[in-house]
Amino acid sequence: MGTKINKAASGTANWVDERTSVGSFVKFLARKLFPDHWSFMLGEIALYSFIVLLLTGIFLTAFFVPSMTLVTYEGEFATMHGVEMSEAFASTLRTSFEVPGGLLVRQMHHWAALLFTAAIVTHMARVFFTGAFRKPREINWLVGFTLMILSLAAGFTGYSLPDDVLSGNGLRIIDGVVKGIPIIGTYISYWLFGGEFPGEVLIPRMFTAHILLVPGLILGLIAVHLFLVFLQKHTQYPGGGRSHRNVVGLPLFPVYTAKAGGFFFVVFGIIAIVAGLFTINPVWNYGPYDPSPVSAGTQPDWYILFVDGALRLMPGWLGGVPSEWELWGFTWSWNILVPAVIIPGLFFTFLALYPWFEAWATGDRGERHVLDRPRNVPVRTGLGVALILFYVVLVIEGSNDIIANLFHLSLNDITLFNRIGIFALPILGFVITRRICLGLQRKDRELVLHGHETGRIVRYEHGEYIEVHEPLTDQEVWLRVQHDDIAPIEIEPEFNDRGVRRKGYKWDRFKKRLSHFYYEQRVKPVTPAEYEEAKHAHH
């Protein structure tokens with residue numbers, strides 16, 4: 001029986017290969033080497049959670065009614081009997097309480113969405129801190145950044161579909177933000193909602209975007225991302241035998257194919273267990289959307305919470321000057337524009353363009369396939385920590401009412417603390433992180449030159465006491481000395497030998513200051529000569 005199956009399989013493979021020449025491509029994929037490290041699984045988690053989203057989304061689409069037409073509920077959930085609601089909300093209740101497995105699938109879909117965004121953000125953080133965005137991977141960084149933005153769009157559109165009080169309040173905030181944009185804001189709002197908020201067309205439009213437009217874009221960008229990963233050599237962590245010219249790892253088939261298949265079921269199983277044990281977004285507790293009941297303690301999902309926090313953080317007056325102006329016949333609401341449009345715009349623009357900014361500021365334009373240890377790039381690591389703290393302060397402010405109630409604190413005191421912290425904490429985090437990185441570099445240098453402390457004290461015959469140090473292995477030494485010693489750039493003098501001011505001097509001076517900002521405070525790695533001298537000294 002087994003022989004017949006093998007012959008049938010090989011015959012089918014030959015038949016396909018003779019007509020498509022796919023065999024050489026499969027052989028190339030099977031022999032493609034990939035380094036092995038746990039942090040590389042973050043991207044896989046994002047991919048597998050997106051697959052779960054697609055599977056559960058197909059199920060939910062069969063029962064959801066994307067309509068804002070009002071109906072009177074008479075379904076299984078008794079406490080809602082006789083309540084007027086949209087068909088979207090009624091179908092959500094029907095899916096949750098009348099469709100077998102509907103509530104579990106709904107919760108799996110929501111938890112998978114949270115995990116998808118969290119995995120992308122964490123994956124991008126790993127890429128940022130290790131410098132995996134450097135040449136030739138700048139395009140893939142932009143692809144990943146766009147996937148993160150699309151995950152926010154997918155989450156928000158899906159979160160708003162049930163048409164409950166919580167999602168409706170979120171949409172009302174979005175309507176206010178859009179209308180806060182001068183000149184064009186009211187037109188955008190009118191087009192988006194099909195008239196005055198809430199209109200009657202928003203749910204169908206968001207449903208189309210949620211199940212067709214956004215997932216289609218995500219699928220296309222995932223394909224581009226994976227294609228670029230295969231096209232370029234996969235990055236690898238530093239270690240013995242690893243360089244910018246090779247890849248040390250295991251082949252895609254059968255090793256990674258088996259691991260990937262098993263890991264998908266692990267992710268699927270964890271999402272199912274969490275969805276079965278922990279309730280999320282119980283819309284039946286909130287009720288259908290009604291603009292009148294706006295309660296405290298309502299926050300969007302974590303990935304949008306920073307916008308809510310920025311809006312809460314912005315004062316209505318600055319130094320006696322109101323944040324809302326009347327100019328040229330238009331209202332300029334800076335208390336909305338700054339926190340909800342300008343700050344997120346600057347934040348995301350800086351993230352998207354950072355690879356080019358760092359390459360320009362440091363002059364590093366070579367191909368890089370070996371990852372940085374975060375301690376060896378203290379400024380980049382400090383900037384990453386500063387961005388995280390900036391985001392965390394906004395998230396805390398977005399939950400200020402819950403925190404005030406939970407810990408019996410003053411809401412105004414929390415807001416005042418966050419208004420100071422939004423400036424002070426990122427700067428403080430940057431300075432402390434950079435100092436920690438420099439301290440770790442000095443520790444690495446000391447370990448290479450002197451070895452590990454063993455705690456053993458030896459007394460010589462002439463009375464001298466010494467502590468015995470254990471030399472590092474070759475792998476440990478290579479890990480601590482393989483990075484480049486990059487010095488700050490120097491520029492030509494302002495005036496040439498004829499006393500004429502050099503063209504472009506101010507721009508060069510600015511670039512020099514940036515280079516010194518990155519590399520002036522650094523610890524040089526141990527050179528081969530220093531290492532040999534230390535070895536002879538210990539002998």
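1. Side note on the pairing of strand 8 (residues 330-333)
Then comes step 1: Looking at chain direction, strand 7 (residues 324-327) and strand 8 are connected through 4 bridges and run antiparallel. If you follow Trp325 over to strand 8, its bridge partner there is Trp332.
Then comes step 2: Counted between consecutive antiparallel strands, the loop separating strand 7 from strand 8 contains 2 residues, among which Trp328 sits at a positive phi close to 55°.

2. Observations concerning the pairing of strand 9 (residues 452-459)
Then comes step 1: For strand 9, the buried fraction is low: 0 of the 8 residues fall into the buried class.
Then comes step 2: With 5 bridges joining them, strand 9 and strand 10 (residues 465-470) adopt antiparallel strand pairing. Within the sheet, the bridge partner assigned to His452 lies in strand 10 and is Glu470.
Then comes step 3: With antiparallel pairing between neighbouring strands as the criterion, strand 9 and strand 10 make up a hairpin whose turn holds 5 residues, including Gly463 at a positive phi of roughly 100°.

3. Here's the deal with a nonpolar patch on the surface
Then comes step 1: Taken together, the side chains of Trp15, Val16, Val22, Phe25, Val26 and Phe28 make up a nonpolar region of the molecular surface, amounting to roughly 550 Å² of accessible area.
Then comes step 2: Within the residue set of the nonpolar patch, elements represented by two or more residues are helix 1 (2-20) and helix 2 (22-31).
Then comes step 3: For the nonpolar patch, the element with the most residues is helix 2, which contributes 4 residues.
Then comes step 4: Among the secondary structure elements, Val26 is positioned in helix 2.

4. Notes on the packing of helix 6 (residues 138-160) against helix 7 (residues 165-179)
Then comes step 1: Remark: helix 6 packs on helix 7, axes separated minimally by 8 Å, with the N-to-C direction vectors making an angle of 125°. On the basis of the axis angle, helix 6 is oblique to helix 7. For the pair helix 6 and helix 7, contact is made by Phe156, Tyr159 and Ser160 and by Leu166, Ser167, Gly170, Leu171 and Ile174, respectively.
Then comes step 2: Along the lines of polarity and charge, the residues of the contact of helix 6 with helix 7 split into 5 nonpolar, 3 polar and no charged.

5. Remarks on the pattern of salt bridges
Then comes step 1: All told, the structure shown has 17 salt bridges when counted by the stated rule.
Then comes step 2: For Arg368, the salt bridge is made with Asp364, and the minimal N-O distance between the two is 3.0 Å. Neither residue differs from the other here; Arg368 and Asp364 are each classed as buried.

6. Section: the packing of aromatic side chains
Then comes step 1: Inspection of the entire model under this criterion finds 36 aromatic pairs.
Then comes step 2: The interplanar angle of 80° and the centroid separation of 5.5 Å between the aromatic rings of Phe34 and Phe230 together place this pair among those described as edge-to-face. One end of the pair, Phe34, is in strand 1 (residues 33-34); the other, Phe230, is in helix 9 (residues 202-231), and 196 residues separate them in sequence.
Then comes step 3: The buried category is assigned to Phe34, whose relative accessible area is 12%.
Then comes step 4: Through pairs of rings, three or more aromatic residues link up here, namely Phe128, Phe129, Phe133, Trp141, Phe350, Tyr354 and Phe357.
Then comes step 5: The cationic tip of Arg205 hangs over the ring face of Trp191; the distance from NZ or CZ to the ring centre is 6.0 Å.

7. Let's talk about the confidence of the model for the protein
Then comes step 1: In the predicted model, the protein carries a mean pLDDT of 88, and the fraction of residues at 70 or more is 97%.
Then comes step 2: Here helix 2 stands out as the element of the protein with the lowest mean pLDDT, 71, in contrast to helix 5 (residues 102-130), whose mean of 96 is the highest.

8. Here we look at helix 7
Then comes step 1: The terminal C-alpha atoms of helix 7, which comprises 15 residues, lie 21 Å apart, in line with the 21 Å expected from a rise of 1.5 Å per residue.
Then comes step 2: Buried within helix 7 are the following residues: Val165, Leu166, Ser167, Gly168, Asn169, Gly170, Leu171, Asp175, Val177 and Val178.
Then comes step 3: Each element contacted by the buried residues of helix 7 is listed here: helix 6, helix 8 (185-193), helix 9, helix 11 (283-286), helix 12 (302-313) and helix 13 (334-362).

9. Some points on the environment of Arg459
Then comes step 1: Residue position: Arg459 is located in strand 9.
Then comes step 2: Residue Arg459 is classed as exposed on the basis of its relative accessible area, which comes to 52%.
Then comes step 3: For the pair Arg459 and Ile271, spaced 188 residues apart in the sequence, the C-alpha separation amounts to 60 Å.
Then comes step 4: Among all residues touching Arg459, those that are not within four sequence positions of it are Glu464 and Tyr465.
Then comes step 5: Within the local environment of Arg459, its side chain forms a polar contact with the side chain of Tyr465, the two groups lying 3.3 Å apart.

10. A short note on the domain arrangement of the protein
Then comes step 1: By domain assignment, the protein separates into domain 1 (40-372) and domain 2 (441-538).
Then comes step 2: The distance between the C-alpha centroids of domain 1 and domain 2 comes to 43 Å.
Then comes step 3: Between domain 1 and domain 2, roughly 1100 Å² of surface is buried when both sides are summed, and carbon and sulfur atoms account for 60% of that area.
Then comes step 4: Of all residues in domain 1, the largest losses of buried area upon contact with domain 2 belong to Trp360, Ala361 and Thr362, amounting jointly to 47% of the total for that side.
Then comes step 5: The interface formed by domain 1 and domain 2 holds 1 salt bridge in total.
Then comes step 6: As a salt-bridge pair, Asp484 and Arg368 come within 3.2 Å of each other at their nearest N and O atoms.
Then comes step 7: Counting across the domain 1 and domain 2 interface gives 3 residue pairs in polar contact (both at pLDDT 80 or more).
Then comes step 8: In terms of residue class, the side of domain 1 that touches domain 2 is made up of 6 nonpolar, 3 polar and 4 charged.

Conventions we followed
Residues numbered from 1 in each chain as written. Predicted model: local features only at pLDDT ≥ 70, side-chain atom pairs only at ≥ 80, totals over all residues. Heavy atoms only, no water. Pairing = 2+ DSSP bridges. Helix = DSSP H or I, 4+ residues; strand = E, 2+ residues; numbered from the N terminus. Buried < 20%, exposed > 50% of the residue type's maximum accessible area, 1.4 Å probe, protein only. Patch = residues over 30% accessible without salt bridge, like charges linked within 9 Å, V, L, I, M, F, W, Y side chains within 5 Å. Areas by Shrake-Rupley, 256 points an atom, 1.4 Å probe, with all protein chains shown as cover. Salt bridge = Lys/Arg side-chain N within 4 Å of Asp/Glu carboxyl O. Axes fitted to C-alpha atoms, helices over the stretch in contact; angles between N-to-C directions. Parallel < 35°, antiparallel > 145°, perpendicular 65-115°, else oblique. Contact = heavy atoms within 4.5 Å. Nonpolar A, V, L, I, M, F, W, Y, C, P; charged D, E, K, R; others polar. Phe/Tyr/Trp six-rings, centres within 6.5 Å; stacked < 30°, edge-to-face > 60°. Lys NZ or Arg CZ within 6 Å of the ring centre and 35° of its normal. pLDDT = per-residue confidence, 0-100. Expected span 1.5 Å × (residues − 1). Polar contact = N/O pair within 3.5 Å; in protein donor to acceptor, adjacent residues only side chain to side chain. Domains from an automatic or database assignment. Buried area = accessible area lost by both parts, 1.4 Å probe.

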